[in-house]
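Chain residues, written in single-letter form:
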Amino acid sequence: MSPLTLTDATERGSTTGNPLKLTETRRSAPTRLTALERRTLEERFEATITTEPDGAYRVQPGSVVGSLCIGDRTVVVEPKLPIDRVLFMTAYTADPHRWQDTWSTISSTRSLTDGIAALFLIAYQRTVAQGPLRAYRTVERDEPTIKGRIIWQRQARRPGPLPVAVRYQLHDDDIIENQILRATIQVLRGQLVSDHVVRSGLTRAWQQLRDLSDTQITPEHIDRLTWTRHNEYYQPLLLLARTILAAAMPDLLTGAMPVVGFTLRLYDVFENFVRSVLRDSLAATTTNFPDNPADHQLFLDEDRRIRLLPDLGYRADGAWRFVGDVKYKADTGNGLNPDLYQLLAYASATQLHAATLVYADGPPTPRSHNVSDRSTVLHVRPLNLDQPPDRVLRDLRGLANDIRATDEALHARPEPYVETRGSA
């Protein structure tokens, strides 16, 4: 399959109203806002808004990017990073082994929403090339004839013999995996996708799945899936679907505000990316290197009252091998005390002699801090995301190699001495 080519086009909605274009964490020029626009910027983009003497506003978004259509006004918050770096991290997290298949597409896009939609469409076309996944599912319904087993508890309450309440197995594609894909395509078709190739591809995908059950889908449906040999090839696509559903969830499902759009929390994108690279490089699993910090069951005190939630944690053979944290911000080079205190708590609770803090920016040289008692070392590793993807991966894989080398040194055991008869 040839890669998608994104075309330059004016985003739908950008010619209506007065478009507001912002950049992550940067303060805007004075602008006029309605009450709904203010609330949306604060809630969806974590923006800080200050009022000028003339009643205008200055907007400083947090580290949430994307585009929203609020009434007839389009709001776009662009990342400080190149858009292709954000898409690269998203694509790698979903599929560490095939993200390069999408690079020719994501490296040319100028729109985050177009790029995310194109990533999903490429993965969808690749995964569903031979048709959607099919499986057996249990159906309970009324039929004019007996099929499967009669549900006697229901049938006995009826005055006549027909229809018959039955339960039977059906083998088709109307299963939860495809219902998730249907919901994701529905979300993307409602977004500000400007590229006509992507829009056409989404329409074709919708035609393929539109007759499936219209189930209310949330990201938790994906979290609860069990992966088997039958459906594991769907996993990268559904992980990307989870990112999309989570990004659009407040608009699609709650209807809290009349807003259409798509946003990404870059601190989540960065954390998930770092964890995915380290886990893949260490050949770990989601069991011993989990995504959810709560799965670590880590406590600072013996009474297990002070719970700790490290972003990165790796256990093997029942023992802690590595712990660390991820910060989507720049390291100033002077040592950010709260971050280091947090890291020291992780090292203490895991009884490891070292812990690592990964920043999204900072001095080019990694640094280490020896704790005063000399028993613990806190490593600080800034990651330059402006580099090409292969260099970003090289730096993180270097960290994985350091983790592996430290672990092997700590757990190395000398060969047992065996006395040989007749030896001198």
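Report on the accompanying structure. This is a predicted model, so every value here is computed, not measured.

## Brief notes about the packing of aromatic side chains
- The tally for this structure, following the rule as stated, stands at ten aromatic pairs.
- Between phenylalanine 88 and tryptophan 103, the ring centres sit 6.5 Å apart and the planes meet at 85°, which makes this aromatic pair edge-to-face. One end of the pair, phenylalanine 88, is in helix α2 (residues 83-94); the other, tryptophan 103, is in helix α3 (residues 103-106), with 15 residues separating them in the sequence.
- Look at tryptophan 103 and you get partly exposed, because its relative accessible area is 24%.
- Ring pairing ties together the aromatic residues Phe88, Tyr92, Trp99, Trp103 and Phe273, which thus form one cluster.

## Considerations on the pattern of salt bridges
- Enumeration according to the criterion identifies 20 salt bridges in this entry.
- Arginine 58 serves as the salt-bridge partner of glutamate 52, at 3.2 Å between the closest nitrogen and oxygen.
- Exposure remark for arginine 58: the relative accessible area of 22% places this residue in the partly exposed category.
- Here arginine 242 ties to aspartate 223 by a salt bridge, and the two come within 2.8 Å at their closest N and O atoms. Of this pair, arginine 242 sits in helix α9 (residues 235-254) while aspartate 223 sits in helix α8 (residues 219-223), and the two are 19 residues apart along the sequence.
- Among the residues examined, arginine 242 registers a relative accessible area of 27% and is labelled partly exposed.
- Classification of aspartate 223 by relative accessible area gives partly exposed; the value is 47%.

## So, the side chain of aspartate 114
- Following the sequence through the fold, aspartate 114 ends up in helix α4 (residues 112-127).
- Filtering out sequence-adjacent residues up to four positions away, aspartate 114 remains in contact with Thr109, Leu192, Val193, Ser194 and Asp195.

## Looking at the nonpolar core
- The biggest cluster of nonpolar side chains holds 92 residues, and the ones touching the most others in it are Leu41, Phe120, Phe270 and Phe273.
- By residue number, the principal contributor to this core is α4, which donates nine residues.
- When sequence neighbours within four positions are dropped, the list of residues in contact with phenylalanine 273 reads Phe88, Met89, Tyr92, Thr93, Val392, Leu393 and Leu396.
- One finds Leu340, Ala349, Ala355 and Val380 within the second-largest nonpolar core, a separate group that totals 18 residues.

## Quick word on the pairing of strand β4 (residues 64-70)
- With seven of its seven residues buried, β4 lies for the most part within the structure.
- Going residue by residue along β4, you find Val64, Gly66, Leu68 and Ile70 tucked away on one face and Val65, Ser67 and Cys69 tucked away on the opposite face as well.
- Direction of pairing for β4 relative to strand β5 (residues 73-78): antiparallel, over a ladder of five bridges. The residue bridging serine 67 from the neighbouring strand is valine 76, located in β5.
- Where β4 hands over to β5, the hairpin turn is made up of two residues, of which glycine 71 adopts a positive phi near 65°.

## A word on unusual backbone geometry
- With phi around 65°, threonine 25 is a residue other than glycine that occupies positive phi space.
- Tracing the sequence through the fold places threonine 25 in the loop between β1 (20-23) and α1 (35-44).
- The backbone of glutamine 297 shows a phi angle near 50°, a positive value even though the residue is not glycine.
- Among the structural elements, glutamine 297 can be located in the loop between α10 (266-281) and β10 (298-299).

## Section: the side chain of threonine 90
- Residue placement: threonine 90 occurs in helix α2.
- Judged by relative accessible area, which is 6%, threonine 90 ranks as buried.
- Apart from residues no more than four positions distant in its own chain, threonine 90 is found in contact with Ile116, Leu240, Thr243, Leu264 and Val269.

## Description of the pairing of strand β14 (residues 354-361)
- A large share of β14 lies buried, amounting to six of its eight residues.
- As paired elements, strand β13 (residues 319-330) and β14 share five bridges and run parallel to each other. The residue bridging lysine 327 from the neighbouring strand is tyrosine 359, located in β14.
- As paired strands, β14 and strand β16 (residues 377-382) are joined by six bridges and run parallel to one another. What sits directly across from valine 358, in β16, is arginine 381.

Calculation notes
- Residues numbered from 1 in each chain as written.
- Predicted model: local features only at pLDDT ≥ 70, side-chain atom pairs only at ≥ 80, totals over all residues.
- Heavy atoms only, no water.
- Phe/Tyr/Trp six-rings, centres within 6.5 Å; stacked < 30°, edge-to-face > 60°.
- Helix = DSSP H or I, 4+ residues; strand = E, 2+ residues; numbered from the N terminus.
- Buried < 20%, exposed > 50% of the residue type's maximum accessible area, 1.4 Å probe, protein only.
- Salt bridge = Lys/Arg side-chain N within 4 Å of Asp/Glu carboxyl O.
- Contact = heavy atoms within 4.5 Å.
- Core = buried A, V, L, I, M, F, W, Y, C linked by side-chain atoms within 4.5 Å.
- Pairing = 2+ DSSP bridges.

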